[in-house]
Amino acid sequence: MYIHLGNNVMLPTSDIIGIFDLENTSISKRTRDFLNKAEKEGRVITISYDLPRSFVIAGKTLKDSKVYISQISSQTLLKRTGYIDSL
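Anyway, here's the lowdown on the structure attached to this text. Bear in mind that the values here come from a model prediction, so they are computed numbers and not experimental data.

## Describing the nonpolar core
And then number 1: By size, the foremost hydrophobic cluster in this structure holds ten residues: Ile3, Leu5, Leu11, Ile16, Ile47, Val56, Ala58, Tyr68, Ile72 and Leu77.
And then number 2: When sequence neighbours within four positions are dropped, the list of residues in contact with Ile47 reads Leu5, Gly6, Asn7, Val9, Tyr68, Ile69, Ser70 and Gln71.
And then number 3: Listed in part, the seven residues of the second largest apolar core include Leu22, Phe55, Val67 and Ile69.

## Considerations on the packing of aromatic side chains
And then number 1: The final tally for this structure, using the stated rule, is one aromatic pair.
And then number 2: For the pair Phe20 and Phe55, a centre-to-centre distance of 5.0 Å together with 20 degrees between the ring planes defines the contact as stacked. Taken together, the residues Phe20 in strand E3 (residues 16-21) and Phe55 in strand E5 (residues 54-58) connect sequence positions 35 residues apart.
And then number 3: Judged by its relative accessible area of 30%, Phe20 falls in the partly exposed class.
And then number 4: Residue class for Phe55 comes out buried when judged on its relative accessible area of 2%.

What counts, and where the lines are drawn
- Residues numbered from 1 in each chain as written.
- Predicted model: local features only at pLDDT ≥ 70, side-chain atom pairs only at ≥ 80, totals over all residues.
- Heavy atoms only, no water.
- Core = buried A, V, L, I, M, F, W, Y, C linked by side-chain atoms within 4.5 Å.
- Buried < 20%, exposed > 50% of the residue type's maximum accessible area, 1.4 Å probe, protein only.
- Contact = heavy atoms within 4.5 Å.
- Phe/Tyr/Trp six-rings, centres within 6.5 Å; stacked < 30°, edge-to-face > 60°.
- Helix = DSSP H or I, 4+ residues; strand = E, 2+ residues; numbered from the N terminus.

This is the structure:
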(Lines give C-alpha, C1' and ligand atoms only; values in the text may rest on other atoms or scores of the structure.)
Protein backbone atom coordinates (compact mmCIF):
# COMPACT_ATOMS: atom_id res chain seq x y z
CA MET A 1 0.00 0.00 0.00
CA TYR A 2 1.12 3.56 -0.66
CA ILE A 3 0.57 6.76 1.28
CA HIS A 4 0.14 10.16 -0.37
CA LEU A 5 2.27 12.80 1.42
CA GLY A 6 1.15 15.75 -0.72
CA ASN A 7 2.08 17.30 -4.09
CA ASN A 8 2.12 13.98 -5.94
CA VAL A 9 4.64 12.40 -3.54
CA MET A 10 3.76 8.84 -2.58
CA LEU A 11 5.67 6.30 -0.51
CA PRO A 12 5.13 2.61 0.17
CA THR A 13 3.86 2.22 3.72
CA SER A 14 6.42 -0.54 4.25
CA ASP A 15 9.21 2.07 3.94
CA ILE A 16 7.78 4.40 6.60
CA ILE A 17 9.74 4.42 9.83
CA GLY A 18 7.72 7.16 11.52
CA ILE A 19 5.21 9.98 11.10
CA PHE A 20 5.67 12.96 13.41
CA ASP A 21 3.87 16.20 14.22
CA LEU A 22 6.39 18.94 13.50
CA GLU A 23 5.13 21.41 16.10
CA ASN A 24 5.07 18.97 19.02
CA THR A 25 8.27 17.07 18.27
CA SER A 26 10.46 20.03 17.35
CA ILE A 27 10.33 21.15 20.98
CA SER A 28 12.85 18.40 21.76
CA LYS A 29 16.52 19.25 21.22
CA ARG A 30 17.14 15.69 19.98
CA THR A 31 14.53 16.07 17.26
CA ARG A 32 15.92 19.45 16.20
CA ASP A 33 19.44 17.96 16.12
CA PHE A 34 18.20 15.00 14.05
CA LEU A 35 16.46 17.27 11.54
CA ASN A 36 19.48 19.61 11.30
CA LYS A 37 21.82 16.67 10.71
CA ALA A 38 19.51 15.18 8.07
CA GLU A 39 19.34 18.54 6.30
CA LYS A 40 23.13 18.94 6.33
CA GLU A 41 23.43 15.44 4.84
CA GLY A 42 20.93 16.29 2.10
CA ARG A 43 18.34 13.78 3.28
CA VAL A 44 15.48 16.28 3.77
CA ILE A 45 12.87 16.56 1.03
CA THR A 46 10.42 19.44 1.30
CA ILE A 47 7.19 18.40 -0.38
CA SER A 48 5.51 21.80 -0.28
CA TYR A 49 6.48 25.30 0.69
CA ASP A 50 3.17 25.75 2.51
CA LEU A 51 3.23 25.78 6.31
CA PRO A 52 4.90 22.47 7.32
CA ARG A 53 2.83 20.41 9.74
CA SER A 54 4.54 17.02 9.84
CA PHE A 55 7.57 15.06 8.82
CA VAL A 56 7.87 11.46 7.72
CA ILE A 57 11.00 9.37 8.05
CA ALA A 58 11.16 6.70 5.36
CA GLY A 59 13.73 4.19 4.18
CA LYS A 60 14.95 0.67 4.74
CA THR A 61 17.12 1.75 7.71
CA LEU A 62 17.19 4.88 9.85
CA LYS A 63 20.78 5.58 8.79
CA ASP A 64 19.88 5.63 5.07
CA SER A 65 16.47 7.23 5.50
CA LYS A 66 14.97 10.35 3.94
CA VAL A 67 12.96 12.95 5.84
CA TYR A 68 9.89 14.27 4.03
CA ILE A 69 8.48 17.59 5.26
CA SER A 70 4.75 17.74 4.54
CA GLN A 71 1.98 20.32 4.83
CA ILE A 72 -0.46 17.54 5.76
CA SER A 73 -1.04 16.86 9.46
CA SER A 74 0.47 13.78 11.07
CA GLN A 75 -3.01 12.58 12.08
CA THR A 76 -4.24 12.70 8.49
CA LEU A 77 -1.13 10.89 7.25
CA LEU A 78 -1.53 8.25 9.94
CA LYS A 79 -5.15 7.69 8.90
CA ARG A 80 -4.02 7.32 5.29
CA THR A 81 -1.74 4.45 6.25
CA GLY A 82 -4.78 2.42 7.22
CA TYR A 83 -3.24 1.32 10.52
CA ILE A 84 -5.61 3.45 12.57
CA ASP A 85 -9.26 3.77 11.56
CA SER A 86 -10.03 6.97 13.44
CA LEU A 87 -8.30 9.41 15.76
